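Read off the chains here:
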Amino acid sequence: MYKPEIDGLRAIAVVGVLLYHLNLSFIKGGFLGVDIFFVISGYLISGVLYQKQKAGEFTLQGFYVNRARRLMPALFVTLFLSLIISVFTLSPNDLIAFSKSLIAAVFSVSNIFFFSEAGYWDTVSELKPLLHTWSLGVEEQFYLIWPLVTCFWLYKKPKSVIRNALVFLILIGVVASELLLRYDQASAFYLLPARIFEFAFGALLYFSQREKTAENKSIKNVSFIVSLLGTIFCFVNYSSESNFPGIAAIMPCVFAVVLIWSSNEGIGKKLLGNSCLTYIGKLSYSIYLIHWPLIVFYKRIFGSKLQYLDQLYIVAATVLVSVCVHHFVENRYRYSRTKETAPKHYFQFQSHIISTAMLLVAVSTTILVQKGDPPALPGRHPEFD
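Source: prediction; values computed, not measured.

### Quick look at the overall build of the chain
Here is step 1: Helix and strand counts for the chain stand at 15 helices and 0 strands.
Here is step 2: Sorting the 385 residues of the chain into buried and exposed places 50% on the buried side.
Here is step 3: When contacts within the chain are restricted to residue pairs at least 6 apart in sequence, long-range pairs at least 24 apart make up 81% of them.
Here is step 4: Total accessible area on the chain is roughly 18,300 Å²; 67% of this is exposed by carbon and sulfur atoms.

Structure representation (structure tokens):
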């Protein structure tokens with residue numbers, strides 16, 4: 001069942017990330033939008049898995065295909081466009097690094113790749129066009145593991161047992177993340193074991209909800225307002241200097257949980273469910289994919305110091321490209337099939353994804369073999385040849 005208020009929350013999350021990456025001084029903690037996405041994913045995916053398994057309609061193949069249909073087309077378009085621009089703008093060494101990151105993104109291991117290279121906050125990382133795909137790696141690895149957990153154990157248990165298991169997972173996850181922060185901050189930031197508790201927060205909310213019971217509207221309104229203000233507080237007061245994730249991630253995750261819980265009626269539903277925010281939320285995946293490469297390439301071409309006009313140009317370009325990707329790529333693969341045409345669309349989707357992945361990997365591998373020096377191309381800057 002579609003919940004427009006979830007898209008409204010996605011809008012808040014992606015706007016936070018976008019403003020943070022534009023280096024706006026008043027929102028130093030906008031990177032927390034990614035953590036909100038993790039909580040939302042834990043909530044929604046757990047619901048989908050539990051309901052389908054309960055109805056006897058769940059298959060691992062069907063789940064993985066639907067996830068690929070949701071994520072891969074827009075991702076591959078972003079990778080393809082970034083590859084074209086990189087060939088014309090990056091030096092050989094940078095093009096080699098980009099090609100490695102592209103291959104990692106194709107195989108959903110970007111987080112592991114960037115963990116092996118450098119910290120998220122360093123200056124060099126700010127000029128990596130595909131750095132943001134680390135979070136997709138975490139999400140896709142969660143999608144790979146979570147159905148196996150629910151399929152073989154969780155969904156067969158009473159909800160009380162599931163809730164207890166999730167509370168235990170959250171506690172263990174927070175402790176593990178906090179310990180990793182003390183010894184290896186990069187691993188705590190990039191790797192799924194240190195992030196799994198954020199997804200578990202969302203899953204816990206799903207299995208804690210009461211079905212069709214009256215709840216105090218005033219309590220939900222107050223909870224929503226407090227959590228929204230709390231989220232804004234986190235966006236403003238967290239920064240790259242914060243020890244994150246670890247214990248510090250609990251507060252934004254709890255606020256995200258309460259925002260989801262309290263936004264199905266009252267003030268929350270009116271605010272997050274309004275048409276403007278829900279539309280931005282529907283665009284959020286494309287916005288997330290597109291905005292970072294645009295920022296990086298803009299900085300490389302015009303200079304790393306972004307002025308207000310530069311930021312405005314980037315936002316406008318991000319929205320324009322995102323609208324196109326959302327309507328002509330995302331929606332095409334998500335909604336252009338019926339039960340009667342599903343086999344045909346499945347074959348087309350599979351062939352498109354595999355062929356595109358092979359093309360991206362082949363071109364990137366060629367660049368690596370040629371040591372970042374592809375054949376001379378019209379328009380490629382002479383100093384790169």
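### Some details on the pattern of salt bridges
Here is step 1: Within the structure shown, the criterion is met by 8 salt bridges.
Here is step 2: Between Asp7 and Arg10 there is a salt bridge; the shortest N-O distance is 2.8 Å. Of this pair, Asp7 and Arg10 are both found in helix α1 (residues 4–21), 3 residues apart, which corresponds to roughly one turn of the helix. Side by side, Asp7 and Arg10 carry an identical accessibility label, which is buried.
Here is step 3: Close ionic contact of Glu198 with Arg195 constitutes a salt bridge, the shortest N to O distance being 3.3 Å. This pair shows no difference in class: Glu198 is buried, exactly as Arg195 is.
Here is step 4: Connected through shared salt-bridge partners, Asp35, Arg195 and Glu198 make up one network.

### Brief notes about the nonpolar core
Here is step 1: By size, the foremost hydrophobic cluster in this structure holds 105 residues, and its most contacted members are Phe76, Leu79 and Trp134.
Here is step 2: Sort the elements by how many residues they give to this core and helix α13 (residues 275–302) lands first, with 12 residues.

### Section: the state of the cysteines
Here is step 1: Here the structure, examined in full by the defined rule, presents 0 disulfides.
Here is step 2: Counting only cysteine sulfurs, Cys234 is the nearest neighbor of Cys253, a cysteine outside any disulfide, at a range of 9.6 Å.
Here is step 3: For Cys253, a relative accessible area of 0% translates into the label buried.

### With respect to unusual backbone geometry
Here is step 1: Of note, the amide linkage connecting Phe244 to Pro245 takes the cis form, showing an omega dihedral of 10 degrees.
Here is step 2: Tracing the chain through its elements places Pro245 in the loop between α10 (217–237) and α11 (250–262).
Here is step 3: With a phi angle near 65 degrees, Asn23 is a residue other than glycine that sits in the positive phi range.
Here is step 4: Here Asn23 falls in the partly exposed class, since its relative accessible area comes to 45%.
Here is step 5: Phi angles above zero are rare outside glycine, and Ser108 is one such case at about 60 degrees.
Here is step 6: Structurally, the position occupied by Ser108 is in the loop between α4 (92–106) and α5 (110–117).
Here is step 7: Given the relative accessible area of 15%, Ser108 is considered buried.

### Examining the environment of Gln141
Here is step 1: Within the secondary structure, Gln141 is located in helix α6 (residues 134–152).
Here is step 2: Looking at Gln141, the relative accessible area reads 15%, which means it is buried.
Here is step 3: Taking the C-alpha atoms as reference points, Gln141 and Leu192, separated by 51 residues in sequence, lie 7.3 Å from one another.
Here is step 4: Aside from chain neighbours lying at most four places away, what touches Gln141 is Ser108, Val109, Asn111, Ile112 and Leu192.

### Quick look at the packing of aromatic side chains
Here is step 1: A full pass over the atoms with the stated rule returns 21 aromatic pairs.
Here is step 2: Plain terms: the ring middles of Phe63 and Tyr64 are 5.7 Å apart, the flat faces sit at 65 degrees to each other, and that makes the pair edge-to-face.
Here is step 3: Given the relative accessible area of 27%, Tyr64 is considered partly exposed.
Here is step 4: Following the ring pairs from residue to residue traces out a cluster consisting of Phe38, Trp134, Phe142, Tyr143, Trp146, Phe189, Tyr190 and Phe199.
Here is step 5: The aromatic ring of Phe189 is capped on one face by Arg195, whose charged end is 4.7 Å from the ring centroid.
Here is step 6: It is Lys220 that lies over the ring of Trp261; its NZ or CZ is 5.1 Å from the centre.

### A closer look at the environment of Gly8
Here is step 1: For Gly8, the position within the fold is in helix α1.
Here is step 2: For the pair Gly8 and Thr278, spaced 270 residues apart in sequence, the C-alpha to C-alpha distance is 4.6 Å.
Here is step 3: Discounting chain neighbours no more than four positions away, the residues touching Gly8 are Leu272, Leu277 and Thr278.

### Structural notes on the environment of Pro252
Here is step 1: Mapped onto the elements of the fold, Pro252 is located in helix α11.
Here is step 2: For the pair formed by Pro252 and Ile36, sequence separation is 216 residues and the distance between their alpha carbons is 7.4 Å.
Here is step 3: If we skip the residues at most four places from it in the chain, Pro252 touches Leu32, Cys234 and Tyr238.

### Notes on the packing of helix α3 (residues 60–89) against α4
Here is step 1: Contact geometry for α3 and α4: axes closest at 11 Å, N-to-C directions at 170 degrees. The pairing of α3 with α4 is recorded here as roughly antiparallel in orientation. Where α3 approaches α4, its residues Leu75, Phe76, Leu79, Ser82, Leu83, Ser86 and Val87 are matched on the opposing element by Leu95, Phe98, Leu102, Ala105 and Val106.
Here is step 2: Partitioning the contact of α3 with α4 into residue classes produces 10 nonpolar, 2 polar and no charged.

### A short note on a nonpolar patch on the surface
Here is step 1: Nonpolar side chains collect at one region of the surface, where Phe80, Leu81, Ile84, Ile85, Phe88, Leu359 and Val363 lie side by side and expose about 530 Å² of accessible area between them.
Here is step 2: No other element matches the 5 residues that α3 contributes to the nonpolar patch.
Here is step 3: If you trace the backbone, Val363 turns up in helix α15 (residues 342–369).

Definitions and limits used
Residues numbered from 1 in each chain as written. Predicted model: local features only at pLDDT ≥ 70, side-chain atom pairs only at ≥ 80, totals over all residues. Heavy atoms only, no water. Helix = DSSP H or I, 4+ residues; strand = E, 2+ residues; numbered from the N terminus. Buried < 20%, exposed > 50% of the residue type's maximum accessible area, 1.4 Å probe, protein only. Contact = heavy atoms within 4.5 Å. Areas by Shrake-Rupley, 256 points an atom, 1.4 Å probe, with all protein chains shown as cover. Salt bridge = Lys/Arg side-chain N within 4 Å of Asp/Glu carboxyl O. Core = buried A, V, L, I, M, F, W, Y, C linked by side-chain atoms within 4.5 Å. Disulfide = S-S within 2.5 Å. Phe/Tyr/Trp six-rings, centres within 6.5 Å; stacked < 30°, edge-to-face > 60°. Lys NZ or Arg CZ within 6 Å of the ring centre and 35° of its normal. Axes fitted to C-alpha atoms, helices over the stretch in contact; angles between N-to-C directions. Parallel < 35°, antiparallel > 145°, perpendicular 65-115°, else oblique. Nonpolar A, V, L, I, M, F, W, Y, C, P; charged D, E, K, R; others polar. Patch = residues over 30% accessible without salt bridge, like charges linked within 9 Å, V, L, I, M, F, W, Y side chains within 5 Å.

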